[in-house]
Amino acid sequence: MISKIVKGYGALFSGVAHVVLLLIVCTAIGSAFVLPLWAFAMKAPVLYTICTLIIFSSLCVFFVAKKAKQAGYKRSIRFLLQLFIVVAGIAGIILFVLHEKRILAALTLLLCIILYGITSFGLSLRHDA
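The notes below deal with the structure included here. All values reported here derive from a predicted model rather than from experimental measurement.

Here the largest pocket is characterised by a volume of approximately 180 Å³. Elements that contribute at least two residues to the lining of the largest pocket include exactly α2 (45-71) and α3 (73-98). Examining the composition of the lining of the largest pocket, we find that 6 residues originate from one element, α3, more than from any other. Grouping the amino acids of the lining of the largest pocket by side-chain chemistry returns 5 nonpolar, 2 polar and 3 charged.

Quick look at helix α4 (residues 102-122) now. If you check α4, its first and last C-alpha atoms are 29 Å apart, about what 21 residues at 1.5 Å a residue would give, namely 30 Å. Among all positions in α4, only Ala105, Thr108, Cys112, Thr119 and Ser120 are buried. End-on, the buried residues of α4 take up no more than an arc of 90°, which puts them together on one face. For α4, exposure combined with an orientation more than 90 degrees from the buried face picks out Ile103, Ile113, Phe121 and Gly122. If you follow the buried residues of α4, they end up packed against α3.

At a minimum axis distance of 8 Å, the contact between α3 and α4 shows a crossing angle of 175°. By the angle between their directions, the pair α3 and α4 is classed as roughly antiparallel. Facing Arg78, Leu81, Gln82, Ile85, Val86, Gly89, Gly92, Ile93, Phe96 and Val97 of α3, the residues of α4 in contact are Arg102, Leu104, Ala105, Thr108, Leu109, Cys112, Leu115, Tyr116, Thr119 and Ser120. Looking at the contact of α3 with α4, its residues break down into 12 nonpolar, 6 polar and 2 charged.

The next thing to look at is the environment of Ala28. Inspection of the secondary structure assignment puts Ala28 in helix α1 (residues 2-43). Of the residues examined, Ala28 reaches a relative accessible area of 48% and is grouped as partly exposed. Along the chain, Ala28 and Ala88 lie 60 residues apart, while their C-alpha atoms are 43 Å from each other.

Spanning 26 residues, α3 covers 37 Å between terminal C-alpha atoms, matching the ideal 38 Å at 1.5 Å per step. Looking at α3, one finds that the buried residues are Ser76, Arg78, Gln82, Ile85, Gly89 and Gly92. For α3, the elements touching its buried residues are α2 and α4. Within two residues after α3, Glu100 carries a phi angle of roughly 60°, on the positive side.

Interaxial distance between α1 and α2 falls to 5 Å at its minimum, and their mutual angle equals 125°. Considering the angle they form, α1 stands oblique to α2. In this structure, α1 contributes Leu37, Phe40, Ala41, Met42 and Lys43 to the contact, and α2 contributes Pro45, Leu47, Tyr48 and Cys51.

Each value, and the rule that gives it
- Residues numbered from 1 in each chain as written.
- Predicted model: local features only at pLDDT ≥ 70, side-chain atom pairs only at ≥ 80, totals over all residues.
- Heavy atoms only, no water.
- 1 Å grid on protein atoms, 1.4 Å probe; cavity = no way out; pocket = protein on both sides within 12 Å on 5 of 7 lines; lining within 4 Å.
- Points joined across faces, edges and corners; volume = space filled by probe spheres on them.
- Helix = DSSP H or I, 4+ residues; strand = E, 2+ residues; numbered from the N terminus.
- Nonpolar A, V, L, I, M, F, W, Y, C, P; charged D, E, K, R; others polar.
- Expected span 1.5 Å × (residues − 1).
- Buried < 20%, exposed > 50% of the residue type's maximum accessible area, 1.4 Å probe, protein only.
- Arc of directions from axis to C-beta.
- Contact = heavy atoms within 4.5 Å.
- Axes fitted to C-alpha atoms, helices over the stretch in contact; angles between N-to-C directions.
- Parallel < 35°, antiparallel > 145°, perpendicular 65-115°, else oblique.

Right, dumping it as structure tokens:
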């Protein structure tokens with residue numbers, strides 16, 4: 001009976017020790033990555049921002065190019081056109097709202113919805129002609 005109790009507490013403390021060890025390892029690895037980045041951001045914030053944007057943009061271009069290669073030419077063109085419509089529409093709406101031209105912002109929203117609908121449902125990917 002005592003051996004069962006000792007084994008039970010041994011398993012309990014072993015589990016707690018594993019959790020504590022995992023927390024220590026995660027904190028150490030996280031600190032090893034975060035502290036140098038934080039120091040870089042504090043010493044040169046403009047350069048840090050530029051580097052971060054370059055890395056993020058490069059990753060976005062890489063993943064979009066990888067998906068475009070897998071999806072094919074026509075689907076990629078359609079996706080890029082839809083992306084352009086959405087981004088340009090949001091930028092236009094923000095610009096018009098900031099310049100207090102709400103009617104133009106509403107018309108831009110309507111135009112974006114129509115253009116997105118045309119590119120999504122009106123364009124065929126099949127070669128019928």
